[in-house]
Structures are given as C-alpha cells and as structure tokens.
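Notes for the structure review
Now for the letters of each chain:
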Amino acid sequence: MPLKIYNTLTREKSEFKPITADHVGMYVCGPTVYSDVHLGNCRTFISFDIIYRYLTYLGYKVRYIRNITDAGHLEGDRDEGDDKFSKIARLQQVEPMEIVQKYTLGFHHVMQLFNNLPPSIEPRATGHIAEQIEMTKQIIANGYAYEVDGTIYFDVEKYSKEKPYGILTNRKLEDLLEGTRELGGQDEKHGRLDFALWIKAKPEHLMQWPSPWGMGFPGWHIECSAMSEKYLGKQFDLHGGGMDLAATHHTNEIAQSEACYHTSPANYWMHTNMLTVNGVRMSKSAGNGFLPEELFTGDHPVLDRAYSPMTARFFMLQTHYRSTLDFSNEALQASEKGLRRLWDAYETLKKLVAGSRELAGDAELNAKCLKQLAEFDENMNDDFNTAKVLANMFELVPVINSIKDGLIKPDAIAASTVVLMQEKFKAYIEDIFGLKDELNLNDGKLSGVMELLIDIRKESKTKKDFATSDKIRNQLTAIGINLKDEKGGEMSWGVE
Ligand code: AMP
Ligand code: ZN
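Residues numbered from 1 in each chain as written. Chains lettered and ligands numbered in written order. Predicted model: local features only at pLDDT ≥ 70, side-chain atom pairs only at ≥ 80, totals over all residues. Heavy atoms only, no water.

Some points on helix H3 (residues 96-113)
In this model H3 runs 26 Å from its N-terminal to its C-terminal C-alpha over 18 residues, within 8% of the 26 Å that 1.5 Å per residue would give. Among all positions of H3, only Pro96, Ile99, Val100, Tyr103, Thr104, Phe107, Val110 and Met111 are buried. Seen end-on, H3 carries its buried residues on one side only, within an arc spanning 125°. Across from the buried face of H3, at angles greater than 90 degrees, the exposed residues are Lys102, Leu105 and Gln112. On its buried side, H3 packs onto helix H1 (39-57), strand E4 (61-66), helix H2 (84-92) and helix H9 (292-297). (Helix = DSSP H or I, 4+ residues; strand = E, 2+ residues; numbered from the N terminus. Expected span 1.5 Å × (residues − 1). Buried < 20%, exposed > 50% of the residue type's maximum accessible area, 1.4 Å probe, protein only. Arc of directions from axis to C-beta. Contact = heavy atoms within 4.5 Å.)

What follows is the structure, given as structure tokens:
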C-alpha cells in the first residue's frame, strides 16, 4: 500500500507522489520567537518531526525546512497592532535580536528535550529580507499589489477575479468578505481582505530595512513564501503547519506564489489539529498555555505533578495528528504507564534469542504476529496513523511478556518472526516515533544502580542506620530521582 496523505487543499487522502523521485521538499512554519513555545506549539512540531522521520524511513531524501519567524509578525493577524518583537524589546529595553536569540535558543532546547530532529535548514526571516523585497517587486510588476505611502498591499479582489482566493479552506470570496470587518475611515487598503507584503516603519520602529518604498519591514506571509521558494523552489511537495494557519497565513502564501510565479507553491498541504485544555485551544492569548518546562517540573496550577518529555511525546502519538487532543492529568498518567509497558516489552524483546527453528510451534499465533507487524507500515501509510501503530504494538506486548514469563514456549513463533519483530519495534519506537528510554538509561544500567541503592537503603533501615538511609534518599531527590516507600518495606523510584 503506497503512502497516502490527507491534503487540506483537496480535502481528501491521496497517494503521495513527489515531484522528483526519491526526494521530498517539505516546509513547516516555525515558531515566532518573541516568547517561549507552549505545549500546543510543540504538538505541531512533534507531529511534523514524526512525518519527517517516517518519510526518511521510507527511503526518501528529505529536505526539511522549518523557519524562524523573527520579524514582521504583528499582534493582529490582519495587519493591525505592533510588531511582536519590537513591542517586547521596547518594554524590556533590549535589542529585538536579544529577544530573538533568547527564544530561539529556548526553542532549540525544548525541541531537543522532545527528541525532535533538527530540520535540514532553519532559515530566519530577517536573513531573507532581500528575497522578500524581490518577491514583492514581482507581485507589483504582475499587477497584484499596490503601494500606499510606503506600504505595499496585496490586492485580493483583483487576484480573485483571476484565481480562486481561499481555496485552502474552501471558502468563497463573499463569505470571507462577510466575516471581515468593514474598512475604517483611516484604512488605506483598497479592499477588506487585502494584506500587507511590506509595511512602512515609523521612525521609532526598532527593526526596519531599506526598500524601494522607503524604510520598512516585511509582512509575515511573504517571509514564508520567500524562504520556501529559496530553498525548495517555486513548487515543492509538502507544506505544513497548525490548522489555525490555514485560513489566513497559508491562504495568503498560496495567493502570493500564484501572483508572483503563477504556480501553487505546494502540492500537499498538511495541517495538524490543536492541543486543547478542557476543550479550549491552548494559546497564549487564552491564557491556558503552559510551557514544556512547567510540564517537566509540574509547576503549574493545571498540573497534578511532573511529566517527562517522552511521556508527553507518547501522549501525542496516541492520537492521530488531525484529531484534537485534550490535555488532562489522567491522560498523561495513562500515557506514562503505557510507555513504561511498551518499553519493558521492548527491552524483553531485544533479549529474546530467536531459536534455530524456522517453523513456528503455534502457526496461528505466528500468523497473528506477522499480521500485526505488517500493519505497522500500512497504518503509517494511511496518513501517518501513529495511534493505530501503537495499538498494533500493544497487541504484541502480551505475546512478548508471555514468552518471558514462560506462558508461551519460545519456539511458538518462528525465528524469523522474532527477528522481524525486533527490527520493526526498533525502527518504530526509536527511529520513527523518536522515543528514548528516560528511566532505563544505558540498557538498564540505571535500573541496576537503583536496585543496588534501594538494597543498601533497606539494609541500613533494618540496622537503624538512618543517617545512611536518609542520605541515599535526600541525595537522589537532589538530582531529581524520587524514592517512594511502598507497603511492606518495598521501595519504588521515578525520575522527575
Ligand atoms: P506560532 O509561534 O504562534 O506561529 O505557532 C507555531 C506553530 O504552533 C504553528 O504551526 C501553530 O499553528 C501551532 N500551534 C499554535 N497553537 C497550537 C495548539 N494549541 N495546538 C497545536 N498547534 C498549535
Ligand atoms: Zn509560515
């Protein structure tokens, strides 16, 4: 079964056919680095990381571009308000680039904690002002943009007479106009849906560049058009981002490319659904966003306790990227258990020695295992259905555990099936899903050390040597490992 992708543009799943055989060009809108990314933003970047990893697993050579938006993103989506960077820089009395640097580094750190691979290129909008100016000039020359006192607007009404505007979200121009407020007396735009390609800067504006129209700064949408064209060409395979970007940002990217190069930029548009809290989309403005850092420390009113990066990643994998995902402590705790169970089985599986028997002792069980394994790729090929692959894995976990516990004979399944299971689990858990073992670092060495420490602590308690037993517990707590006394003198441990 070939890879099928749900394309927002056509509103259906279709077979993925790259422009150049064996190569994929993929652009994902990156963060606006004027503040920390919240967990909702991370869901989108984790989803595309898994898509990137899976395309690579299929053998494609992927050029993955994820930009950094470091200028031009205004507070309102429709050209109103201040530039987000200038505003914060002014408030904090620092250079805008200090803001950009701080949050770019923070973003990279968070991506690393979640084990997201870095993109092939991470272009910054401010490094591509010349390309944005060139594109704007071409759109004016083609007759789709106009200047009003140093600001350049895209002429949506003119464009929509020749090409459909709003095709990405299947909206008609009249409906879009209805949903937009009337032009105010002060408004210099010709049409209500027109948007800025280049914005004239007031003298006090902190980030501004010379252009043929005077000092100014770029619009947010033209940045992504110029950067995707530079690194992937006028037409490329995949463009992604969160669903909230489709209606305006991506709609305008399509219009800009069509107006400039007479091509639609991407063949497949992919949109991830939102992370919600009690059904409400997580966002800075709703005030319900919490930071990855807060998740890892448990230091936020919504959180009962801390959760690890891999627990959060696993939690996200359990839902298809196009479904909404609601955050709750119960769900995170269930994910934590699920991940542990999966990882324990994976460790057992790694140690299973495939016997020399090629014939399975239990043909039915063997066939069941092979069917589940075959479905891994089938489910991923069905629009990257990570949730279903995990369900396949959890069908196999009891088989692995039963072999370990001696409930099933080791030769019940064929040697080749065991090897295939080992290969597929490794490929999916580590390479595609990007999970790593947080508790069992270095193949269980940490578990071994912990067992030893727990033994010493038990012994010292028996001997009433509380200085030693307390020292062990306190020093472990200080480095983020919590020891818990259970019933009957047993002890368990967990990493913060
Ligand atoms: P921003 O930094 O605001 O431009 O957002 C970065 C990315 O995160 C964009 O692709 C957004 O669509 C995405 N995003 C924002 N909020 C959420 C959310 N609650 N759940 C998932 N993705 C989100
Ligand atoms: Zn973008």
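Let's talk about helix H11 (residues 329-351)
In this model, H11 (23 residues) spans 33 Å end to end at C-alpha, consistent with the 33 Å of a helix rising 1.5 Å per residue. Asn329, Leu332, Ser335, Gly338, Leu339, Leu342, Trp343, Ala345, Tyr346, Glu347, Thr348 and Leu349 are the residues of H11 that are buried.

Focus on the site of ligand 1
Close to ligand 1 lie 16 residues; Gly40, Thr44, Asp244, Leu275 and Met282 are nearest. A distance of 2.7 Å separates a nitrogen atom of ligand 1 from a polar atom in the side chain of Thr44. Asp244 places a polar side-chain atom, nitrogen or oxygen, 2.4 Å from an oxygen atom of ligand 1. Protein contacts shield 93% of the accessible area of ligand 1, which totals 490 Å² for the unbound molecule. The residue inventory of the shell around ligand 1, partitioned by class, reads six nonpolar, eight polar and two charged. (Near = heavy atom within 4 Å. Polar contact = N/O pair within 3.5 Å; in protein donor to acceptor, adjacent residues only side chain to side chain. Areas by Shrake-Rupley, 256 points an atom, 1.4 Å probe, with all protein chains shown as cover. Nonpolar A, V, L, I, M, F, W, Y, C, P; charged D, E, K, R; others polar.)

Quick word on the side chain of Ser308
Inspection of the secondary structure puts Ser308 in the loop between H9 and helix H10 (309-317). A relative accessible area of 15% places Ser308 in the buried class.

Remarks on the sheet that holds strand E8 (residues 216-218)
Read across the open sheet, the four strands follow the order E5-E6-E7-E8; overall the sheet is antiparallel. What marks the edges here is a single partner per strand, and that holds for strand E5 (145-148) and E8. On average, each strand axis in the sheet is tilted by 20° relative to the strand beside it, whichever way the strands run. Where strand E7 (residues 195-200) meets E8, three bridges bridge the pair, whose relative direction is antiparallel. Across the sheet, residue Lys200 finds its bridge partner in E8, namely Gly216. Packing of helix H4 (residues 129-141) onto the sheet brings it into contact with E5, strand E6 (151-154), E7 and E8, and relative to E7 it is tilted by some 120°. (Pairing = 2+ DSSP bridges. Axes fitted to C-alpha atoms, helices over the stretch in contact; angles between N-to-C directions.)

Things to note about the sheet that holds strand E13 (residues 325-327)
Taken together, three strands build an open sheet; the order of strands is E12-E11-E13 and the sheet is mixed. The two strands at the open ends of the sheet, each matched to only one other strand, are strand E12 (280-281) and E13. Relative to E12, strand E11 (residues 275-277) runs antiparallel, the two being bridged by two bridges. Along E12, the bridge assignment pairs Thr276 with Arg281.

Observations regarding the packing of H11 against helix H13 (residues 386-404)
Orientation of H11 relative to H13, taken along the N-to-C sense of each, is 55°, at an axis distance of 9 Å. Between H11 and H13, the crossing angle belongs to the class labelled oblique. Every pair of crossing elements has a handedness; the one defined by H11 and H13 is left-handed. Between H11 and H13, the residues in contact are Gly338, Arg341, Leu342, Ala345, Thr348 and Leu349 and Leu390, Met393, Phe394, Val397, Ile400, Asn401 and Lys404, respectively. Tallied by class, the residues present in the contact of H11 with H13 amount to eight nonpolar, three polar and two charged. (Parallel < 35°, antiparallel > 145°, perpendicular 65-115°, else oblique. Left-handed = near helix turned anticlockwise from the far one by under 90°.)

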